[in-house]
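Chains, contacts and geometry: an overview
What follows is the residue order along each chain.
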Amino acid sequence: MEVKKISAIICAAGKGERAQFNKNKLLAPLFGAPVLYHTLEKFTIKEIDEVIVTSSKVDLKEISAICAPFGFKVVEGGATRTQSVKRALEHVTGDIVLIHDGARPYVTKEIILNCIDSAKKFGSGVCAIRLTDTAVCAELGLVTDRLNRDDVYRVQTPQAFITEDIKYAYSLSGNEVFTDDSAVYGKFIAPPRIVEGSEDNVKLTFKRDFESTYPIPISGKFIGFGVDVHAVCEGNCVTLGGIKIDCGFALAAHSDGDVVIHALMDALLSAAGLRDIGVYFPDSDPSLSGADSRAMLAKVRDILGAMKFEPKNISISVQAEKPKLAPHIEDMKTALSKVLHMDKSRIAISAGTSEKLGFVGQCLGICAYAAVTLCEVENG
Ligand code: CTP
Ligand code: MG
């Protein structure tokens, strides 16, 4: 079979009742962003051409906002996971479809690709792991049978299938409720093929699963780089590195326009393998109008802290024709060190002009670059 297009369905239409957050558990924060955001990010790989996310009616607005930056399609789910997948399958146009629980943010690219490969070769690829505990059957609290542990697996997601087959299987499923897609496939098509999953690929189910979370596997270890530019506009003063400087103009921005802190936040997030500040502090958020960037920096510090990271050193370069920054550099360093709880000596800020060249030189904007290193918190 020639595979031209691969689709993915991410199931997010549940209520998350067992997690007891009084809202869908996938909207709960994990390292500063909703759980669903982290799961979706894993599917932004070139091998996947189309992603369809199921959402309940009540969460449609919030889930659509999370999906928008990724360009993923959102469809209304049903009362059970089985019904949600059935509805999502109607929108799938790929030759192979991966079905994944939004509640499993720790899935890896390797697992996703292995499931796809298995579906290409064998028609299905279902992520599962072996048991480490002894497995028994019991009735009324009494053990009735012992299972051969080597024959027993715990089934996870993703699960990949030839789209035509899984659509056909679901079309035969009627109103029956299944806990996963391999059960539907197994009943109506063929025994599904197992692909090795991972102990880390947990399904966040109960509140405690959110408390004992471990860092999202990080890609950009330890070194981070960030840049920001804001245009000059009418006004009296600019805020740079948390310090207000009178200069007869302002910087156009949704927040306080502190390019220094914005570049720094991007560098810190990037060092931890996370996305940029636009994701964490969107322009569309009215609560951030005129916001003090130091408060946003404190939030980034806390996100990194939760991942057991702390900044080791910071190097910032500001490009501005005006105002003269040298008299303010020590104050900026003090302001940043206070927010980040780090020694001032680890923060370097240099400033320069652009010799009247380009937008900086013509006084049309101010630009800042930041490079950082992160280290893991000792005894963390
Ligand atoms: N799901 C879905 N449609 C439903 C029910 C569940 O798309 N009608 C999704 C959930 O959002 C979740 C995945 O299927 O990502 C696995 O379900 P589960 O872990 O049981 O999540 P919830 O049903 O939300 O949680 P609970 O059972 O505790 O209410
Ligand atoms: Mg459920």
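Given the structure is predicted, the values throughout are model-derived calculations rather than measurements. (Residues numbered from 1 in each chain as written. Chains lettered and ligands numbered in written order. Predicted model: local features only at pLDDT ≥ 70, side-chain atom pairs only at ≥ 80, totals over all residues. Heavy atoms only, no water.)

**Some remarks on the overall build of the protein chain**
Tallying secondary structure elements over the protein chain gives 12 helices and 18 strands in all. Overall size of the protein chain, expressed as C-alpha extent along the three principal axes, is 80 × 45 × 40 Å. Classification of the 380 residues of the protein chain by burial places 47% in the buried group. A total of about 18800 Å² of accessible surface is found on the protein chain, and carbon and sulfur atoms cover 50% of it. Taking the 43 positively charged and 48 negatively charged side chains of the protein chain as two groups, their mean positions are separated by 1 Å. (Helix = DSSP H or I, 4+ residues; strand = E, 2+ residues; numbered from the N terminus. Buried < 20%, exposed > 50% of the residue type's maximum accessible area, 1.4 Å probe, protein only. Areas by Shrake-Rupley, 256 points an atom, 1.4 Å probe, with all protein chains shown as cover. Lys, Arg positive; Asp, Glu negative; His and termini not counted. Charge placed at Lys NZ, Arg CZ, Asp CG, Glu CD.)

**Looking at unusual backbone geometry**
Cis geometry marks the peptide bond from Thr157 to Pro158; its omega dihedral reads 10°. As for its position among the elements, Pro158 is in strand β10 (residues 153-162). Here the phi dihedral of Asn22 falls at roughly 65°; this positive angle occurs in a residue that is not glycine. Assessed through its relative accessible area of 81%, Asn22 is described here as exposed. Unlike most non-glycine residues, Lys356 shows phi in positive territory, near 65°.

**Thoughts on the site of ligand 1**
Lining the immediate surroundings of ligand 1 are 20 residues, of which Cys11, Gly16, Glu17, Ser84 and Lys203 lie closest. Measuring from an oxygen atom of ligand 1, one finds a backbone N or O atom of Gly14 at 3.0 Å. A distance of 2.7 Å separates an oxygen atom of ligand 1 from a polar atom in the backbone of Gly16. For ligand 1, whose accessible area on its own is 560 Å², the fraction buried by protein is 88%. (Near = heavy atom within 4 Å. Polar contact = N/O pair within 3.5 Å; in protein donor to acceptor, adjacent residues only side chain to side chain.)

**Some words on the packing of helix α5 (residues 163-171) against helix α6 (residues 181-188)**
Where α5 meets α6, the axes come as close as 9 Å, and the angle between the chain directions of the two elements is 85°. The orientation of α5 with respect to α6, classified from their angle, is roughly perpendicular. Each of Asp165, Ile166, Ala169 and Tyr170 in α5 lies in contact with α6, whose residues at this interface are Asp181, Val184, Tyr185 and Phe188. For the contact of α5 with α6, the class distribution of residues is six nonpolar, no polar and two charged. (Axes fitted to C-alpha atoms, helices over the stretch in contact; angles between N-to-C directions. Parallel < 35°, antiparallel > 145°, perpendicular 65-115°, else oblique. Contact = heavy atoms within 4.5 Å. Nonpolar A, V, L, I, M, F, W, Y, C, P; charged D, E, K, R; others polar.)

**Let's talk about the nonpolar core**
Ranked by internal contacts, the top residues of the largest apolar core, which has 90 residues, are Ile48, Val53, Leu240 and Leu264. Those residues in contact with Val53, other than ones at most four positions away along the chain, are Ile10, Ala12, Leu36, Leu40, Ile63, Cys67, Phe72, Lys73, Val74 and Val75. Core analysis: the next-biggest nonpolar cluster, separate from the first, contains 18 residues, Ile9, Leu89, Val97 and Ile166 among them. (Core = buried A, V, L, I, M, F, W, Y, C linked by side-chain atoms within 4.5 Å.)

**Remarks on the sheet that holds strand β18 (residues 365-376)**
Strand order across the open sheet formed by five strands is β15-β12-β18-β16-β17, with mixed pairing between neighbours. If you trace the sheet from one side to the other, it starts and ends with β15 (250-251) and β17 (347-352), each paired once. As judged from the six bridges shared by strand β16 (residues 309-319) and β17, these two strands associate in the parallel manner. By the bridge assignment for β17, Ser315 is matched with Ala348. Against the sheet, helix α8 (residues 259-271) engages β12 (223-233), β16 and β18, with an angle of about 155° to β12. This element, helix α11 (residues 329-340), spans β16 and β17 of the sheet and lies at about 145° to β17. (Pairing = 2+ DSSP bridges.)

**Describing the environment of Leu325**
Residue position: Leu325 is located in the loop between β16 and α11. Residues Leu325 and Glu376 lie 51 residues apart in sequence; the distance between their C-alpha atoms is 33 Å. Not counting chain neighbours up to four residues away, the residues in contact with Leu325 comprise Leu240, Ile245, Val318, Ala320, Met332 and Ala351.

**Digging into the pattern of salt bridges**
On inspection of all chains with the given rule, the structure shows 13 salt bridges. One salt bridge connects Lys5 with Glu50, and the closest N-O pair in it is separated by 3.8 Å. Here Lys5, found in the segment before β1 (6-11), pairs with Glu50, found in strand β4 (residues 50-55); they are 45 residues apart in sequence, far enough to count as distant. With relative accessibility at 29%, the residue Lys5 sits in the partly exposed group. Where Glu330 meets Lys333, a salt bridge forms, and the shortest distance between an N and an O atom there is 3.5 Å. Taken together, the residues Glu330 and Lys333, both in helix α11 and three residues apart, mark about one turn of the helix. Given a relative accessible area of 41%, Glu330 falls into the partly exposed group. (Salt bridge = Lys/Arg side-chain N within 4 Å of Asp/Glu carboxyl O.)

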